[in-house]
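Single-letter residue listing:
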Amino acid sequence: MLTPQLVPQLADAALIAIIAVVVVLIAGTAGLVVARNRRGGELPAATPPAPIETAEPTVGEDAEEPRDTPTRTLEDTALPELEKPESAQGRLVRLRARLARSQGSLGKGLLALLSRDKLDEETWEDIETTLITADVGVAPTQELVERLRTRVRVEGVGGEKARTILREELIALVDPSMDRSLNVDRQGDKPAVVLMVGVNGTGKTTTVGRLARVLVAEDKKVLLGAADTFRAAAADQLQTWGERVGAPTVRGPEGGDPASIAFDAVKRGIEEQADVVLIDTAGRLHTKTGLMDELGKVKRVIEKAAEVDEVLLVIDATTGQNGLTQARVFAEVITVTGLVLTKLDGTAKGGIVIAVQRELGVPVKLVGLGEGADDLAPFDPEQFVDALLD
Ligand code: GDP
C-alpha cells in the first residue's frame, strides 16, 4: 500500500536509479570509445577535436558511419560478393574478335599484297614496309620476307595458297615451340612466387589483379603482395582486385620498403599454404642502377623464404620501340621468365609480339586485350595469327 510516508523514500530510490543508469551509460560509452581506439590502433594524429562552438550537429553529419558500428571482418565483407572469374580456357577465343579488329589491317594488308597476281619487287617492298610499320622488327621482317619469297617461288600463290603460306610462316615467326606455361604450382610445401615487373603505367597492377582472377578460376589459393610502394594508389588498387575474388593483400606503409613487403607476403603465403603469391612492384626507370638495386633486393629478400618461380615483364604494346628499350633495361637487371603484352587492343602494331620475343629470347605468356577484368588471356601463337588473318 502506498502510504504518504513511503512517497519521499520512493522518490529518493527513483533518483538514485536514474543517476545509476546515467553513470552506467557514460562509463559504457567511454569504454566503447577506448575499445574502438585500441582496436583501430593509433588515432589519426591530424584530426583536431571539433571546437566547442561548432560541436552542434550540422547538415550531412549523419552521413558519417556511426561510431559504434561493429567492425566487420574480412570474411563478413568479402565472401558474399565474390565474383566468379572467367576461366582461362577460351579467353583468347572470346577476345579474338577484338584482336582481329585492332590488328586486322596488318593481316589483311599482308594477305592482299601476297595475293597479287604479280609479285614484283615493289610488292615485296610493300610487304616489308607493312611488317616494319607493325613493329615486327627489321631482322624478323627480313627473315619472313625471305621465307615467303622462297615458298611463293616453289609453291605459287594461287587460290587459298597465299593465305596458307602466310599463316604458316607467321606462326613459325611467333615460334610455337616456346614454353608459354606459367609456373604457378606449389613447390613442395611452398607457394609459387610470381614477381610482376615493368615501367609504371604499363598495366602491372591491373595484370596482377587479372592474373589473380585467372588463378582463382583454376581453384588456386592466391595471395597478393603490394610491393609497389612508390605509387600511392597502387596498394588500394591491388587490394580492390583481390577483394573481388577473395585473395587477401599484404601491404605496408606508403613509401615503405618493397623488399620487406614482398618478404612478408611470401612468408604469409607459406604460413597460410597459398598456392601462388603474386607480387606487384614499382617500375621507376630513373636510373638503371636504382632499378637494379630495388628489384635485385626484392628478389634476394624473397629468396630467403622461397624460390621466385616467374618474373613477368609487363610491356605496353602501344609504346612500340620505347617499350622495347624499356624491356631491354629490365632484362639486364633481372632474369625475366615471361612477357605480358598489355593494350594490344589499342594498337595496330601487333608485330611487337614478335620483336620483343626475339629481342629478349623470352616468350610472351599473356596478352591484355581490353580494360575489362577478364580481358587478360594466355598467349597462343596460332590463335594470334588466325586473328590477324581473320
Ligand atoms: P601500372 O602503373 O603498371 O601498375 O599500371 P596500371 O595497372 O595502373 O594500368 C595503367 C592503365 O592501363 C589502367 O588504366 C588500365 O586500365 C590500363 N590497361 C591495362 N591493361 C590494359 C589492356 O590490356 N588494354 C587497355 N585498353 N588498357 C589496359
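Residues numbered from 1 in each chain as written. Predicted model: local features only at pLDDT ≥ 70, side-chain atom pairs only at ≥ 80, totals over all residues. Heavy atoms only, no water.

(A) Spotlight on the overall build of the protein. Per the secondary structure count, the protein includes 13 helices and eight strands. Within the protein, buried positions represent 44% of all 390 residues. In the protein, 78% of the contacts between residues at least 6 apart in sequence involve partners at least 24 apart. Accessible area for the protein stands at about 20,400 Å²; split by element, carbon and sulfur atoms hold 55% of it. (Helix = DSSP H or I, 4+ residues; strand = E, 2+ residues; numbered from the N terminus. Buried < 20%, exposed > 50% of the residue type's maximum accessible area, 1.4 Å probe, protein only. Contact = heavy atoms within 4.5 Å. Areas by Shrake-Rupley, 256 points an atom, 1.4 Å probe, with all protein chains shown as cover.)

(B) Layout of the site of the ligand. Near the ligand there are 18 residues, and of these Gly201, Lys204, Thr205, Thr206 and Asp345 occur at the shortest range. Lys343 has a polar backbone atom sitting 2.9 Å from an oxygen atom of the ligand. At 2.9 Å, a side-chain N or O of Glu371 approaches an oxygen atom of the ligand. Across the complex, the protein chains shield 81% of the 590 Å² of accessible surface that the ligand would expose by itself. Ranked by residue count, the leading element in the shell around the ligand is helix α7 (residues 204-217), at four residues. The class makeup of the residues in the shell around the ligand is two nonpolar, 10 polar and six charged. (Near = heavy atom within 4 Å. Polar contact = N/O pair within 3.5 Å; in protein donor to acceptor, adjacent residues only side chain to side chain. Nonpolar A, V, L, I, M, F, W, Y, C, P; charged D, E, K, R; others polar.)

(C) Region of interest: the sheet that holds strand β8 (residues 376-378). Taking strand neighbours across the sheet as the criterion, the eight strands line up as β3-β2-β4-β1-β5-β6-β7-β8 in an open arrangement whose pairing is mixed. Strands with a single pairing partner mark the edges of an open sheet, and in this sheet they are β3 (249-250) and β8. Most of the contacts of helix α3 (residues 91-114) go to β8, to which it runs at about 120 degrees, and overall it touches β7 (364-368) and β8. Here helix α11 (residues 320-333) sits on the sheet and contacts β1 (192-197) and β5 (310-316); the angle it forms with β5, its principal contact strand, is near 155 degrees. (Pairing = 2+ DSSP bridges. Axes fitted to C-alpha atoms, helices over the stretch in contact; angles between N-to-C directions.)

(D) Geometry of the packing of α7 against helix α8 (residues 234-245). Look at α7 against α8: their axes get within 9 Å of each other, and the N-to-C directions meet at 15 degrees. Compared by their axis directions, α7 and α8 come out roughly parallel. The crossing of α7 and α8 is right-handed. Seen from α7, the contacting residues are Thr205, Thr206, Val208, Gly209, Arg210, Arg213 and Val216; seen from α8, they are Ala234, Gln237, Leu238, Trp241, Arg244 and Val245. Looking at side-chain class alone, the contact of α7 with α8 contains six nonpolar, four polar and three charged residues. (Parallel < 35°, antiparallel > 145°, perpendicular 65-115°, else oblique. Left-handed = near helix turned anticlockwise from the far one by under 90°.)

(E) Geometry of the pairing of strand β6 (residues 338-342). Most of β6 sits inside the fold, with five of its five residues counted as buried. Of the two faces of β6, both are covered, the one formed by Gly338, Val340 and Thr342 as well as the one formed by Leu339 and Leu341. Taken together, the five bridges between β5 and β6 define a ladder with parallel strand orientation. Note on β6: the bridge partner recorded for Leu313 is Leu339. Traced from β5 through α11 to β6, the parallel crossover comes out right-handed. (Right-handed = clockwise from strand over helix to strand, strands pointing away.)

(F) Up close: the pattern of salt bridges. The full count for this structure, using the stated rule, is 24 salt bridges. A salt bridge links Glu155 to Arg151, with the nearest nitrogen and oxygen atoms 2.9 Å apart. With a gap of four residues between them, Glu155 and Arg151 both fall in helix α5 (residues 138-155), about one helical turn apart. Classification of Arg151 as buried rests on a relative accessible area of 17%. Among the salt bridges present, the one from Asp257 reaches Lys297, with a minimum N-O distance of 3.4 Å. Here the residue Asp257 occupies a position in the loop between β3 and α9 (258-271), and Lys297 occupies one in helix α10 (residues 288-302), the gap between them amounting to 40 residues. (Salt bridge = Lys/Arg side-chain N within 4 Å of Asp/Glu carboxyl O.)

(G) Local environment of the pairing of β5. Summarising burial for β5: seven of the seven residues are buried, a large majority. Residues Glu310, Leu312, Val314 and Asp316 point to one face of β5 and Val311, Leu313 and Ile315 to the other, with burial holding for every one of them. The sheet contact formed by β1 and β5 spans four bridges and is parallel. Counted as the bridge partner of Leu195 is Val311 from β5.

(H) Structural detail: α10. Given a rise of 1.5 Å per residue, 15 residues ought to cover 21 Å, and the 21 Å separating the end C-alpha atoms of α10 matches this to within 8%. Of the surrounding secondary structure, the elements contacted by the buried residues of α10 are β1, α9, β4 (276-281) and α11. (Expected span 1.5 Å × (residues − 1).)

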